[in-house]
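Architecture and fold: a report
Here's the letter readout for the chains.
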Amino acid sequence: MLTKRIIPCLDIKNGRTVKGINFLNLIDAGDPVELAKIYANEGADELVFLDISATEEKRKTLLDLVERVAQQVNIPFTVGGGISSVEDVELLLKSGADKVSINSSAVKNPDLINQLSDKFGSQCVVVAIDAKQIDGKWKVHLVGGKVATEMDLFDWAKEVEQRGAGEILFTSMDNDGTKNGFANEALAQLSNLVNIPIIASGGAGNTQHFIDCFKESNADATLAASVFHFKEIEINQLKNELRKNNISVRI
Amino acid sequence: MKLVIIDYGAGNTKSVQFALNRLGVAAILTKNIEEIRSADKVIFPGVGHANAAMGKITEAGLEELIPCLKQPVLGVCLGMQLMCKFSEEGNTKGLGIFDLEVKKFGTENKIPQIGWNTIFDLKSELLSDLNENEYMYFVHSYYVPKSEFTIATANYGLNYSAALQKNNFYGCQFHPEKSGDKGELILKNFLNI
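Calculation rules
Residues numbered from 1 in each chain as written. Chains lettered and ligands numbered in written order. Predicted model: local features only at pLDDT ≥ 70, side-chain atom pairs only at ≥ 80, totals over all residues. Heavy atoms only, no water. Helix = DSSP H or I, 4+ residues; strand = E, 2+ residues; numbered from the N terminus. Buried < 20%, exposed > 50% of the residue type's maximum accessible area, 1.4 Å probe, protein only. Contact = heavy atoms within 4.5 Å. Areas by Shrake-Rupley, 256 points an atom, 1.4 Å probe, with all protein chains shown as cover. Lys, Arg positive; Asp, Glu negative; His and termini not counted. Charge placed at Lys NZ, Arg CZ, Asp CG, Glu CD. Phe/Tyr/Trp six-rings, centres within 6.5 Å; stacked < 30°, edge-to-face > 60°. Buried area = accessible area lost by both parts, 1.4 Å probe. Salt bridge = Lys/Arg side-chain N within 4 Å of Asp/Glu carboxyl O. Polar contact = N/O pair within 3.5 Å; in protein donor to acceptor, adjacent residues only side chain to side chain. Nonpolar A, V, L, I, M, F, W, Y, C, P; charged D, E, K, R; others polar. Core = buried A, V, L, I, M, F, W, Y, C linked by side-chain atoms within 4.5 Å. Pairing = 2+ DSSP bridges. Axes fitted to C-alpha atoms, helices over the stretch in contact; angles between N-to-C directions. pLDDT = per-residue confidence, 0-100.

All right, on to the overall build of chain B then. Of the regular secondary structure elements, chain B holds six helices and 13 strands. With respect to the principal axes defined by its C-alpha atoms, chain B has extents near 45 × 35 × 25 Å. For chain B, the proportion of its 193 residues judged to be buried stands at 63%. Taking all contacts inside chain B whose residues are at least 6 apart in sequence as the whole, residues at least 24 apart take part in 68%. Surface summary for chain B: the accessible area is close to 7100 Å², and the carbon and sulfur share equals 45%. Positive and negative side-chain charges of chain B, numbering 19 and 21 respectively, have mean locations separated by a distance of 2 Å.

As structure tokens, this is what we get:
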């Protein structure tokens, strides 16, 4: 039986992890590769690396990092952040990334989704969507949530599926950072609407939130950052709890 | 031992190479016919669209070579599917090593299947020392039905072939190079065949 996935997200700036400083045994706590190996050993099912570097010379640093991760980590990983062209993706995949995640660039140029899925296959194209509710309607936001658009979350989700996205990574900005749980209602609606896997993001604060998300939303995976980085939740313990609650996970 | 990964432009060759490196084995990436023919073992990876990948195999002049190889050959993911005679994906004619047709999953499932699924009914030296119901990482929209060549089964709405074998030809629908320690064990088994 296909299991539900637990995905830690690592924020990367200039080749270093931004969070994740609570791992005491690390020789270099800022080294994303060290952190990735720990997560893999703790039972993470995949990893997401989100590059938040601002500079232009970041690309080379990021590619070096991707190659080091691919060399040393034996589970799949996705790379996102600032990807805007077929060439960007080609370099990342050639360096050993399994999937890429695109966000604002897909909104600005929706045809990029078609181009990527035609060239590399939909299995490696994750479209990340950030949205929040404005007057009761879920509206897509860009540039890390800073810029609002008129686009409806569900319309956009349907469109990215039709254009060849292999997965949707939905972050609820209303929930992100609150530690009050995932946006289960919107996730359930998304999961009913499209026939590709949905990764839930934003709002994880405790183990019960993951249980609720899988039970109420039918999401295929949950993504979280700080609860894992600050060791508030350990992945193997989380998975034991999920299994006790009859949620199928890999242990 | 000379280990070759067929590098025809549609494979996750680097991931496979890195996984082998973690096992302490160096592999050559090549599409050169003589290099492939003279290898002790051959890995045939593949990701993306069946039709595009098959086109690249033909372009590289490999469509006649691969089915004639005598050494152990391991097809991974799309590589395994292309070893079959036909795929519904783009109505693609495959290499015909396995007299099987690759079909698309029904829409009662989310497509692609992405994630960790169990494999069972294991029956090959490729899978020795592996427990029943071990988890492997799968990413695919098309599947090979169960047949006399099935050496491992998985379930996604229906039972299908997670791995195949016919003589010296082996195939894994999942990605052993991305399936943690257990996946690496399968690669190790392949190296020991």
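After presenting the structure, the write-up continues.
Moving on to the packing of aromatic side chains. Residue and element names in this part refer to chain B. One pass over the structure, following the stated rule, counts 15 aromatic pairs over all chains. Arranged with centres 5.1 Å apart and planes meeting at 75°, the rings of F105 and Y156 form a pair that is edge-to-face. Of this pair, F105 sits in the loop between β7 (98-104) and β8 (113-119) while Y156 sits in the loop between β11 (150-155) and β12 (159-166); the two residues are 51 residues apart in sequence, bridging distant segments of the chain. The pair formed by F105 and Y156 is uniform in burial state, with each residue classed as buried. Between Y170 and F190, the ring centres sit 6.2 Å apart and the planes meet at 75°, which makes this aromatic pair edge-to-face. Of this pair, Y170 sits in strand β13 (residues 169-172) while F190 sits in helix α6 (residues 180-192), and the two are 20 residues apart along the sequence. Note on Y170: relative accessible area 2%, which makes it buried.

A word on the interface of chain B and chain A. Of the residues lining the interface, 28 residues belong to chain B; the matching set on chain A comes to 36 residues. For the pair chain B and chain A, the summed buried surface comes to about 2500 Å²; carbon and sulfur atoms form 52% of the total. The interface formed by chain B and chain A contains three salt bridges. Summed over the shared surface of chain B and chain A, the result is 20 residue pairs in polar contact (both at pLDDT 80 or more). Among the secondary structure elements, those contributing two or more residues to the side of chain B that touches chain A are α1 (13-22), β8, β9 (134-140) and α6 of chain B. Of the residues assigned to the side of chain B that touches chain A, the class counts are 10 nonpolar, 11 polar and seven charged.

Across the chain, the bulk of peptide bonds are trans and the bulk of non-glycine residues have phi less than zero. Cis geometry marks the peptide bond from I111(B) to P112(B); its omega dihedral reads 0°. Note on placement: P112(B) falls in the loop between β7 and β8. In this structure, N246(A) takes a positive phi of about 60° despite not being glycine. Residue classification places N246(A) among the exposed residues on the basis of a relative accessible area of 71%.

Moving on, we come to the nonpolar core. Judged by nonpolar contacts, the single largest core of 80 residues is most densely connected at L47(A), F170(A), F210(A) and F228(A). Sorting elements by how many residues they give to this core places helix α2 (residues 58-72) of chain A first, with six residues. Contacts of F170(A), omitting those with residues within four sequence positions, involve I129(A), A131(A), W138(A), L153(A), A183(A), A186(A), L187(A), L190(A), I199(A), A200(A) and S201(A). In this structure, I43(B), L127(B), Y156(B) and I186(B) belong to the second largest nonpolar core, which totals 37 residues.

Our focus in this paragraph is the sheet that holds strand β2 (residues 28-30) of chain B. All names here are of chain B. One open sheet accounts for seven strands, arranged β2-β1-β3-β4-β13-β12-β11; its pairing is mixed. Strands at the two margins of the open sheet, each flanked by one partner only, are β2 and β11. Ignoring strand direction, the axes of neighbouring strands in this sheet form an average angle of 25°.

So, about the environment of K188(B). Position of K188(B) relative to the elements: it lies in helix α6. With 61 residues separating them along the chain, K188(B) and L127(B) place their C-alpha atoms 9.8 Å apart.

Attention now goes to helix α8 (residues 207-217) of chain A. Residue and element names in this part refer to chain A. Among all positions of α8, only H209, F210, I211, C213, F214 and S217 are buried. On its buried face, α8 sits against β1 (5-13), α7 (184-193), β10 (198-201), β11 (221-224), α9 (226-229) and α10 (235-244). Trailing α8 by a residue or two, N218 shows a phi angle of about 60°, which is positive.

A few words on the side chain of T222(A). With respect to the helices, strands and loops of the structure, T222(A) is situated in strand β11. Take T222(A): its relative accessible area is 0%, and that puts it in the buried class.

Now for the confidence of the model for chain A. The share of residues in chain A with pLDDT of 70 or more is 94%, and the mean pLDDT across the chain is 91. Confidence drops under a pLDDT of 50 for residues 20-24 of chain A, and excluding neighbours within four residues, the segment shows 14 contacts in the predicted structure.

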